[in-house]
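Structural overview for review
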Amino acid sequence: MSVEQRDPHSGYLTTGHEWNGITELNTPVPRPVYLFLILTFVFSVAYWVLMPAWPLGSDYTKGLLQANDRAAVARAVEQAAAVRSAWTSQIAAQSFADIEADPRLMADVRRTGRTLFGDNCAACHGRDAKGTKGFPDLTTASWLWGGSPEAISETIRVGVNASHPDTRVSQMPAFGRDGILKRDEMESVVAYVLSLSAPPPAGNKVAAEKVAAGKAVFAANCVACHGTEAKGNPELGAPDLTDMHWIHGSDENAIYANVWGGLKGQMPSWEGRLTPVERKILALYLIDLRAKRP
Ligand code: HEC
Ligand code: HEC
């Protein structure tokens, strides 16, 4: 069929095939390719011998180096748990004040608290804990249920209007919807509430002529929860209405809507979902955030 022919230009043999005067060169595979194949083969044989490689039914070849990532991870987890238990047991045993005074423990609180807060609380309170409409800012000195570490940890444990048997319970009546107050009474009391903050919350003008009437409506309907000075009551979760922190909006319309329709905040209970140490860390984390705020 074919006669050995040499291409006069390249000096290579041709395959002997010819199509319309075009012949095919029989170019040899370049030497570096053979070298590469040999090297990868040698590497793979060495790897099979040294490392776990071949399945043997229920077992596998372990390799001369006995490498085992699973055991290495288990060892690392064990070590981390040992390091962690050293400081978590200190958190469990010590008082809030002692932990706050210990910069080393507080560094652990900040690190772990940030993760715990991000995983469990940020969905409602925001990653920076500054809250949004309907969810309180947890970095201020203004607390519905008290701002001591004990009060904060109790709120986290039982929740607010939650399913826990000891839950904190609060509800602001719906003065408009339930027909407790008339429209002009609500307008006056809103003017009075706005007049309590000095200066009144941005964007509002206080209707001065309504404030006196509003004060009387407030005294008759609101002081039971918000207090005679409107400074709030942590027993009832009623907020201070004289400060600059508003959970549900600070403009006249929002305040009117809240007086009209009432409010019932809900915060889940974390007992059972977070350990006592984790809840203690979160309470300390929040105290620390507040301390950092100017
Ligand atoms: C489903 C939304 C939601 C989640 C999740 C949530 N909270 Fe709350 N939290 C609220 C609401 C709403 C309130 C206000 C309750 C009220 O009206 O009394 C609140 C109130 C609080 C208060 C009391 C604030 C005060 O002024 O006294 C603390 C403390 C608190 N949350 C901490 C946490 C922590 C810590 C987590 C995570 C473990 C968390 N919250 C997760 C909704 C949530
Ligand atoms: C039975 C107790 C109770 C009474 C009575 C009550 N409140 Fe409240 N009020 C609350 C509670 C509890 C909250 C907080 C609810 C929440 O954040 O979920 C609240 C919240 C508010 C807020 C929202 C504050 C914010 O930060 O956004 C305003 C405004 C307010 N009350 C005004 C009034 C006025 C005006 C009256 C009287 C007409 C009144 N309240 C009567 C319990 C009460």
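Residues numbered from 1 in each chain as written. Chains lettered and ligands numbered in written order. Predicted model: local features only at pLDDT ≥ 70, side-chain atom pairs only at ≥ 80, totals over all residues. Heavy atoms only, no water.

**Here we look at the overall build of the protein**
Spelled out, the test is: Runs of E in the DSSP output that reach at least two residues are strands. Runs of H or I that reach at least four are helices, and both are numbered from the N terminus. In this setup the radius of gyration rests on C-alpha atoms only. A globule is expected at 2.2 Å times the number of residues raised to 0.38. Three exposure classes are used, based on accessible area relative to the maximum for each residue type with a 1.4 Å probe and protein chains only: buried under 20%, partly exposed in between, and exposed over 50%. Here, two residues are considered to be in contact whenever any of their heavy atoms come within 4.5 Å of each other. Residue exposure ignores everything except the shown protein chains as possible cover, and the areas themselves are Shrake-Rupley values with a 1.4 Å probe. The convention is simple: Lys and Arg are positive, Asp and Glu are negative, and His and the chain ends are not counted. Each charge is placed at NZ for Lys, CZ for Arg, CG for Asp and CD for Glu.
Across its full length, the protein holds 11 helices and 4 strands. Relative to a compact globule of 294 residues, whose C-alpha radius of gyration would be 19 Å, the protein shows 37 Å and is clearly more extended. Structurally, the protein occupies a C-alpha span of about 120 × 60 × 40 Å along its principal axes. Evaluated residue by residue, the protein yields a buried proportion of 34% over its 294 residues. Excluding contacts between residues fewer than 6 apart, the proportion of contacts in the protein whose partners are at least 24 apart in sequence is 54%. Accessible surface for the protein amounts to roughly 18,500 Å². Of this, 59% is attributable to carbon and sulfur atoms. Charge centroids of the protein, computed over 29 positive and 31 negative side chains, lie 2 Å from each other.

**A look at the coordination of the iron atom of ligand 2**
What counts is decided by this rule: Each metal's donors comprise the N, O and S atoms found within 2.8 Å of it (within 3.2 Å for Na, K or Ca). Water is not part of the atom list, so some coordination spheres may appear incomplete. Four donors are marked tetrahedral only if all angles between them lie between 85 and 135 degrees, whereas four are marked square planar and six octahedral if opposite donors are more than 155 degrees apart and the other angles lie between 65 and 115; the remainder are marked irregular.
Distances from the iron atom of ligand 2 to its protein donors, namely M172 (SD) and H226 (NE2), fall within the range 2.0 Å. Here the iron atom of ligand 2 binds 6 donor atoms, and the angle range of 88 to 179° at the metal identifies the geometry as octahedral. You can see M172 sitting in the loop between α6 (149-158) and α7 (183-196) and its partner H226 sitting in helix α9 (residues 223-226), a full 54 residues away along the chain.

**Side note on the site of ligand 2**
For the record, the criterion: We call a residue near a molecule or strand as soon as one heavy atom of that residue lies within 4 Å of the molecule or strand. Any pair of nitrogen or oxygen atoms within 3.5 Å is treated as a polar contact; in protein, a donor-acceptor pairing is required on top of that, and neighbouring residues in sequence qualify only through side-chain atoms on both sides. Under the scheme applied here, ten amino acids are nonpolar (Ala, Val, Leu, Ile, Met, Phe, Trp, Tyr, Cys and Pro), four are charged (Asp, Glu, Lys and Arg), and all others, including Gly, are polar.
In the vicinity of ligand 2 lie 26 residues, with M172, C222, C225, H226 and H248 positioned nearest. In the model, an oxygen atom of ligand 2 is placed 2.8 Å from a nitrogen or oxygen of the I247 main chain. The contact in question runs from an oxygen atom of ligand 2 to an N or O atom on the side chain of H248, over 2.7 Å. Where the shell around ligand 2 is concerned, the elements lending two or more residues are α7, α9 and α10 (252-261). Of the residues contributing to the shell around ligand 2, the split by class is 17 nonpolar, 8 polar and 1 charged.

**Digging into the domain arrangement of the protein**
Rules: The split into domains, and so the bounds of each, comes from an automatic or database assignment of domains.
Split into domains, the protein comes out as domain 1 (14-60), domain 2 (72-160 + 268-292) and domain 3 (183-261). Summarising the inter-unit geometry, the C-alpha centres of domain 1 and domain 3 are found 84 Å apart.

**As for the pairing of strand β2 (residues 22-25)**
Rule in force here: One bridge is not enough; two strands pair if DSSP finds at least two bridges between them.
The pairing of strand β1 (residues 14-19) with β2 spans 3 bridges and is classified as antiparallel. Counted as the bridge partner of E18 is T23 from β2. Connecting the antiparallel pair β1 and β2 is a turn made up of 2 residues, with N20 showing a positive phi of about 45°.

**Some thoughts on the packing of aromatic side chains**
Rules: Within 6.5 Å between ring centres, the rings of Phe, Tyr and Trp (the latter by its six-membered ring) count as paired, and their orientation is classed by plane angle as stacked under 30 degrees, edge-to-face over 60, tilted in between.
Considering all chains together, one arrives at 4 aromatic pairs under this definition. Residues F43 and Y47 carry aromatic rings whose centres are separated by 5.8 Å and whose planes lie at 35° to one another, so their mutual orientation is tilted. Placement of both F43 and Y47 in helix α1 (residues 31-50) is noted, with a separation of 4 residues, approximately one turn of the helix. With a relative accessible area of 41%, Y47 lands in the partly exposed category. Ring centres 5.3 Å apart and planes at 55° place the aromatic pair Y192 and F218 in the tilted group.

**Describing the nonpolar core**
Test applied: For this analysis, a nonpolar core means a set of buried residues of the types Ala, Val, Leu, Ile, Met, Phe, Trp, Tyr and Cys, connected via side-chain atoms within 4.5 Å.
Counting residues in hydrophobic clusters, the biggest one holds 28 residues, and the most contacted among them are I91, I99, V109, F117, I281, L282 and L286. Mapped onto this core, the elements with two or more residues apiece are α2 (69-93), α3 (96-100), α4 (103-120), α6 and α11 (276-292). The element contributing the most residues to this core is α11, with 9 residues. In this view, F117 contacts A122, H125, G126, R127, A129, L138, L282, Y285 and L286; residues no more than four positions away in its chain are not counted. In this structure, V193, V217, I255 and Y256 belong to the second largest nonpolar core, which totals 18 residues.

**Quick word on the site of ligand 1**
The environment of ligand 1 is made up of 22 residues, and the closest members are C121, C124, H125, L144 and M267. One nitrogen or oxygen atom from the side chain of H125 is found 2.8 Å from a nitrogen atom belonging to ligand 1. With respect to ligand 1, the side chain of W145 contributes an N or O atom lying 2.8 Å from an oxygen atom. Put simply, the parts of the chain that give the shell around ligand 1 at least two residues each are α5 (122-125) and α6. For the shell around ligand 1, the element with the most residues is α6, which contributes 3 residues. Looking at side-chain class alone, the shell around ligand 1 contains 16 nonpolar, 6 polar and no charged residues.

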